[in-house]
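Okay, here's what each chain looks like letter by letter:
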Amino acid sequence: MARIVAVTNQKGGVGKTTTCVNLAASLAATKRRVLLVDMDPQGNATMGSGLDKNELQVSGFDVLTRRQEAADVCTQAPDSGFDVLAANGDLTAAEVELMNEIGREHRLRLALKPITEQYDFILIDCPPALNLLTVNALAAADSVLIPMQCEYYALEGLAALMGTIEQIQETVNPELKIEGLLRTMYDPRNSLTLDVSRQLSDYFGDRVYSAVIPRNVRLAEAPSYGMPALRYDRSSKGAISYLALAGEMVRRNGSEQSQDAVAV
């Protein structure tokens with residue numbers, strides 16, 4: 001059964017969508033079955049995966065509003081080895097349509113349930129805001145992956161996000177856990193970067209991934225070509241870093257599953 005991971009941070013510009021697309025491609029490169037769910041009306045993860053959000057016949061809107069089954073909407077990212085539940089601006093309409101519906105926060109969880117056996121990982125790209133779409137993602141997820149820059153404003157945003165996660169645990173998803181914290185746009189020459197990185201490690205311990213994502217031109221260029229960095233330039237530092245993250249994520253989840261088996 002798939003491990004469902006919501007990739008989120010209420011602060012924008014931290015590499016959230018970049019992480020979703022490139023982690024999906026890197027996990028697929030390790031022979032894992034991966035689905036990327038775009039829950040952001042901007043549709044950047046959709047475009048970055050090589051799909052044109054303006055030409056979608058069906059999308060996440062149809063899934064959330066129960067017009068279509070998720071299995072019928074998912075499509076394969078071109079030449080990248082993972083599937084995409086694509087999105088565009090219609091998602092905003094879905095949020096409005098669901099506003100007065102009972103159980104609206106569980107629509108995504110119920111929609112994904114029939115297809116979880118088909119994947120090893122389901123990654124959800126969340127909007128950079130706490131809205132009904134984000135709540136749906138967190139209600140559906142087993143865990144949260146938090147990309148963040150190593151700067152002081154990011155620490156303030158992290159505190160707010162942790163409060164949000166606690167609220168979700170208390171109300172709609174008591175099983176939600178922290179998958180890990182990912183340091184993005186990392187520059188080891190910057191003393192502030194090192195200082196904040198050290199604070200993160202002191203507070204979150206091994207929940208902070210050893211893999212870090214550097215500032216990388218090729219990584220920044222790849223979305224404009226509608227492809228992950230691994231396909232655009234697999235030898236780039238950005239692509240290599242996301243492969244390292246995928247490997248670390250697979251090892252962690254393998255270890256946790258083994259511990260669960262022993263406990264049982």
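This write-up is about the structure you can find in this document. None of the values given here were measured: they were computed from a predicted structure. (Residues numbered from 1 in each chain as written. Predicted model: local features only at pLDDT ≥ 70, side-chain atom pairs only at ≥ 80, totals over all residues. Heavy atoms only, no water.)

Consider a sheet: its strands pair through backbone hydrogen bonds, and that pairing is either parallel or antiparallel. Reading across from one edge, 3-4-2-5-1-6-7-8 is the order of the 8 strands in this open sheet, with mixed pairing throughout. Looking at which strands have only one partner, the edges of the open sheet turn out to be strand 3 (75–76) and strand 8 (208–214). For strand 1 (residues 3–7) and strand 5 (residues 121–125), the ladder comprises 5 bridges, and the chain directions are parallel. Each bridged residue has a counterpart across the sheet, and for Val 5 the counterpart in strand 5 is Leu 123. In this fold helix 7 (residues 132–140) packs onto strand 1, strand 5 and strand 6 (143–149), with an angle of close to 150° to the strand it touches most, strand 1. (Pairing = 2+ DSSP bridges. Helix = DSSP H or I, 4+ residues; strand = E, 2+ residues; numbered from the N terminus. Contact = heavy atoms within 4.5 Å. Axes fitted to C-alpha atoms, helices over the stretch in contact; angles between N-to-C directions.)

Let us look at the state of the cysteines. In the structure shown here, the tally under the stated rule is 0 disulfides. No disulfide involves Cys 20; its nearest neighbouring cysteine sulfur is the one of Cys 126, lying 7.3 Å away. (Disulfide = S-S within 2.5 Å.)

Let us now look at helix 9 (residues 191–204). Here helix 9 spans 20 Å end to end across 14 residues, near enough to the 20 Å set by a 1.5 Å rise per residue. Elements in contact with the buried residues of helix 9: strand 6, helix 8 (152–171), strand 7 (177–186) and strand 8. The opening residue of helix 9, the one whose side-chain oxygen lies 2.8 Å from the backbone nitrogen of Leu 192, is Asn 190. Downstream of helix 9 by a residue or two, Gly 205 has a phi angle that is positive, lying close to 60°. (Expected span 1.5 Å × (residues − 1). Polar contact = N/O pair within 3.5 Å; in protein donor to acceptor, adjacent residues only side chain to side chain.)

Time to look at the nonpolar core. Of all hydrophobic cores here, the largest spans 53 residues; its most connected members are Leu 35, Val 37, Ile 122, Ile 124, Ile 146, Leu 181 and Leu 200. The contact partners of Ile 122, leaving out residues within four places of it in the chain, are Ala 2, Arg 3, Ile 4, Val 5, Leu 35, Val 37, Leu 112 and Thr 116. With 36 residues, the next largest nonpolar core counts Ala 28, Leu 182, Leu 219 and Leu 230 among its residues. (Core = buried A, V, L, I, M, F, W, Y, C linked by side-chain atoms within 4.5 Å. Buried < 20%, exposed > 50% of the residue type's maximum accessible area, 1.4 Å probe, protein only.)

Examined against the element boundaries, Glu 95 turns out to sit in helix 5 (residues 90–97). Along the sequence, Glu 95 and Ile 115 sit 20 residues apart, while their C-alpha atoms lie 23 Å from each other.

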